[in-house]
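Below, each chain spelled out in residue letters.
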Amino acid sequence: MSTDIASTKESIVRDHIRLTSHTIDLPSIPPINWGAATPQERGPVVGTVTERAHRNCIGSHSGSYTIYRALSIASGKFPKAHKPDLNNTQPTDTISPQPSWSMPDKIISLDPWGANIVEDFGDYLEHGYNIQPTIAVTKAHLQLPEIKEAIREKRLEADGKFVTASGDVRVTKIAIDPVWHLPSIAKRFGLTEAALRKILFRETGGMFPELVTRSDLKILLPPIGSTTAYVFGNVSDLSNPEVELTCRVHDECNGSDVFGSDICTCRPYLTYGIEDAVRTAQRGGVGLIVYFRKEGRALGEVTKFLVYNARKRQKGGDSAATYFERTECVAGVQDARFQELMPDVLHFFGITKIHNLHSMSNMKHDAIVNSGIEVINRLSIPDDLIPPDAQVEIEAKKAAGYFSVAGAKQGEQLEKVKGRDLD
Ligand SMILES: [Zn+2]
């Protein structure tokens, strides 16, 4: 953003604050009308611990980092009463309000009004309410070896627009913290609100007593990881069903995504998704990768590594035929990821149609379709991108009914798919 534009924006914000500040009688605890059509009617989510009297939700911002903040305050390094200076932090791209933002039950696990705090809730900010954005939008360049390889192999072109001459990919990235509307979450999972509150209270070891003592507080800022959306092309095109959209919804796998561990197909899926998302933008469409912090099928990395050992040490070695069984023995379930909340982020962007969905997972596909989004094509990655040791995972998933263009092995053929020993 140029300095001129930034200073014009600042003066707009200052004017806005000055014009509205003296005309509104602000309630001590701002009410939240979830699903309201404007930010003013909806009201701000106030999760600060610095002005406790203004709080209208359970938990605190950046939920999973709360403990680090507490330790930082305890060590004297972090000013306890710190209020963020939001000057110049506004989104680089506007995500316009969508019809889905005010449809009951469509978006229940994030705050669609969480990005433009300075504009939408300037009057509250001026009166000392410590309101924090739960969504931030910025721009970046990605440098990925797989993208450079795709350019070398002429699958992708360095067009100077979406891909720079040096092979960097231009992207808009959007970080989204979880904001849960408890009555709607309960409804989506077929529970009563009281039952949901009780089980969240119990299973976190009683971390948030307000879950059971304050039924008037309907919002929870859960201590779980955030979600990041990477958009290739115009963010505003995501809501236009006429513009081709290529999308991957990806669940975190640190071992593969970051370190290139070869036991699974996560990083190849991610980088191939990015490659195809960029290609789509280059032919006039738009690409979207959504990255969810749900490590190890939301069972965590310790459980995941225990499962790897159990798989590789079992009699007969690691095998596609027993892949899911070994996971269930250690973890209690084959997969703790529920995908019911995943489509919320797609509805935040106003998506109604996905032309190309990069995923094998029927759980993901069904959650998207059942939430009212049309999916035209389903895509799996080319076979030559699958690491040899990940054949066990991929064949087990195909045999279990996951989507694949190539089809699945069964019986004896499946039993023959073996992984490497521990070494
Ligand atoms: Zn993985």
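Since this is a predicted model, take the numbers as computed values, not measurements.

K.L.:
Looking at this model, I keep getting lost on the coordination of the zinc ion. Mind explaining?
P.N.:
In an ideal octahedron of six donors the angles at the metal are 90 or 180 degrees, and in an ideal tetrahedron of four donors they are 109.5 degrees. Around the zinc ion, the protein supplies Cys 253 (SG), Cys 264 (SG) and Cys 266 (SG) as donor atoms, at distances of 2.2 to 2.3 Å. Every donor residue of the zinc ion comes from the same chain, spaced as C-x10-C-x1-C. You can see Cys 253 sitting in the loop between β7 (245–251) and α10 (254–257) and its partner Cys 264 sitting in the loop between α10 and α11 (266–282), a full 11 residues away along the chain. Exposure class is identical for Cys 253 and Cys 264. Each is buried.

K.L.:
I'm lost on the pattern of salt bridges in this one. Help?
P.N.:
For side chains of opposite charge, pairing can occur when their charged atoms come near one another. Evaluated as defined, the whole model comprises 21 salt bridges. Note that Arg 283 and Glu 244 form a salt bridge whose closest N and O atoms lie 2.8 Å from each other. Here Arg 283, found in the loop between α11 and β8 (286–292), pairs with Glu 244, found in the loop between β6 (227–232) and β7; they are 39 residues apart in sequence, far enough to count as distant. For Glu 244, a relative accessible area of 23% corresponds to the partly exposed category. Between Asp 276 and Arg 279 there is a salt bridge, and its shortest N-O distance comes to 3.2 Å.

K.L.:
I'm lost on a nonpolar patch on the surface in this one. Help?
P.N.:
Together, Phe 189, Leu 191 and Phe 338 line one region of the surface with nonpolar side chains, adding up to about 240 Å² of accessible area. Among the residues examined, Phe 189 registers a relative accessible area of 34% and is labelled partly exposed.

K.L.:
Before we go on, may I ask you to explain the sheet that holds strand β2 (residues 135–142) in this structure?
P.N.:
Within a sheet, each strand pairs with its neighbour through backbone hydrogen bonds, oriented either parallel or antiparallel. The seven strands are arranged β2-β3-β6-β8-β7-β9-β10 in an open sheet whose pairing can be described as mixed. With partners counted over all chains shown, the strands left at the sheet margins are β2 and β10 (374–379), one partner each. In this sheet, neighbouring strand axes are inclined to one another by 25 degrees on average, regardless of whether the strands run parallel or antiparallel. Pairing between β7 and β8: seven bridges, direction parallel. Directly across from Leu 245, in β8, lies its bridge partner Val 286.

K.L.:
It is not clear to me how the packing of helix α6 (residues 145–152) against α11 should be interpreted in this structure. Could you clarify?
P.N.:
In a packed pair of helices, the relevant descriptors are the angle between the two axes and the axis-to-axis distance. Closest axis-to-axis distance for the α6/α11 pair is 9 Å, and the angle between their directions is 55 degrees. As judged from the angle between their axes, α6 and α11 are oblique. Taken as a pair, α6 and α11 cross one another with a handedness that is right-handed. For the pair formed by α6 and α11, the contact residues are Pro 145, Glu 146, Ile 147 and Ala 150 on the first element and Arg 267, Thr 271, Ile 274 and Glu 275 on the second. Taken together, the residues that form the contact of α6 with α11 break down as four nonpolar, one polar and three charged.

K.L.:
Looking at this structure, I do not really get the environment of Pro 241. What am I missing?
P.N.:
Note on placement: Pro 241 falls in the loop between β6 and β7. For the pair formed by Pro 241 and Ile 351, sequence separation is 110 residues and the distance between their alpha carbons is 7.3 Å. Excluding anything up to four places from it in sequence, Pro 241 contacts Thr 352, Lys 353 and His 355.

K.L.:
Hey, could you run me through the environment of Leu 196 in this one?
P.N.:
Here Leu 196 lies in helix α8 (residues 193–203). Linking Leu 196 and Leu 211, residues 15 residues apart in sequence, is a C-alpha distance of 9.1 Å. Residues contacting Leu 196, with those up to four places away along its chain left out, are Leu 182, Ile 185, Ala 186 and Leu 191.

K.L.:
What is the right way to look at the side chain of Glu 252 in this model?
P.N.:
Within the secondary structure layout, Glu 252 lies in the loop between β7 and α10. Filtering out sequence-adjacent residues up to four positions away, Glu 252 remains in contact with Asp 257, Tyr 291, Phe 292, Arg 293, Lys 294, Glu 295 and Gly 296.

K.L.:
Please clarify how the sheet that holds strand β1 (residues 58–59) should be interpreted in this entry.
P.N.:
Across the sheet, which stays open at both edges, the three strands sit in the order β1-β5-β4 with mixed pairing between neighbours. Pairing within the sheet leaves two strands with one partner each, and these edge strands are β1 and β4 (180–181). Relative to strand β5 (residues 219–221), β4 runs antiparallel, the two sharing two bridges. In the sheet register, His 181 faces β5, and the bridge partner there is Ile 219.

K.L.:
Is there a simple way to explain the nonpolar core in this structure?
P.N.:
Nonpolar side chains tend toward joint burial in soluble globular proteins. In this structure, Leu 288, Leu 346, Phe 349 and Ile 354 are the most contacted members of the largest nonpolar core, which totals 34 residues. For this core, the secondary structure elements donating two or more residues are β2, β3 (169–176), β6, β7, β8, α15 (343–348), β9 (353–358) and α16 (362–370). It is β8 that contributes the most residues to this core, four residues altogether. Excluding its chain neighbours within four sequence positions, the residues that come into contact with Ile 354 are Leu 245, Cys 247, Leu 346, Ile 368, Ile 373, Glu 374, Val 375 and Ile 376.

K.L.:
Explain unusual backbone geometry to me, please; I cannot follow it from the model alone.
P.N.:
Trans peptide bonds make up most of the peptide bonds, and negative phi angles are found at most residues other than glycine. Unlike most non-glycine residues, Asp 105 shows phi in positive territory, near 75 degrees. Inspection of the secondary structure puts Asp 105 in the loop between α3 (66–74) and α4 (117–120). Within the chain, Lys 154 stands out as a residue other than glycine whose phi angle is a positive 65 degrees. Tracing the sequence through the fold places Lys 154 in the loop between α6 and β3. Since its relative accessible area comes to 75%, Lys 154 is described here as exposed.

K.L.:
I keep staring at the confidence of the model for the chain and nothing clicks. Help me out?
P.N.:
When pLDDT drops low, the exact placement of atoms in the prediction is not to be read closely. Confidence in the prediction of the chain, expressed as mean pLDDT, is 89, and 93% of residues score 70 or more. Scored below 50 in pLDDT, residues 1–22 makes 17 contacts in the model with residues more than four places away or belonging to other chains.

K.L.:
What am I meant to see in α11 here?
P.N.:
Along an α-helix, residues three or four positions apart point the same way, because every turn accommodates 3.6 residues. Taking 1.5 Å per residue, 17 residues should reach 24 Å; α11 reaches 24 Å between its end C-alpha atoms and fits that length. Along α11, 16 of the 17 residues are buried, which leaves the element largely enclosed by surrounding structure. A positive phi of about 100 degrees marks Gly 284, the residue just after α11.

About the criteria used
Residues numbered from 1 in each chain as written. Predicted model: local features only at pLDDT ≥ 70, side-chain atom pairs only at ≥ 80, totals over all residues. Heavy atoms only, no water. Donors = N, O, S within 2.8 Å, 3.2 Å for Na, K, Ca; no water. Helix = DSSP H or I, 4+ residues; strand = E, 2+ residues; numbered from the N terminus. Buried < 20%, exposed > 50% of the residue type's maximum accessible area, 1.4 Å probe, protein only. Salt bridge = Lys/Arg side-chain N within 4 Å of Asp/Glu carboxyl O. Patch = residues over 30% accessible without salt bridge, like charges linked within 9 Å, V, L, I, M, F, W, Y side chains within 5 Å. Areas by Shrake-Rupley, 256 points an atom, 1.4 Å probe, with all protein chains shown as cover. Pairing = 2+ DSSP bridges. Axes fitted to C-alpha atoms, helices over the stretch in contact; angles between N-to-C directions. Parallel < 35°, antiparallel > 145°, perpendicular 65-115°, else oblique. Left-handed = near helix turned anticlockwise from the far one by under 90°. Contact = heavy atoms within 4.5 Å. Nonpolar A, V, L, I, M, F, W, Y, C, P; charged D, E, K, R; others polar. Core = buried A, V, L, I, M, F, W, Y, C linked by side-chain atoms within 4.5 Å. pLDDT = per-residue confidence, 0-100. Expected span 1.5 Å × (residues − 1).

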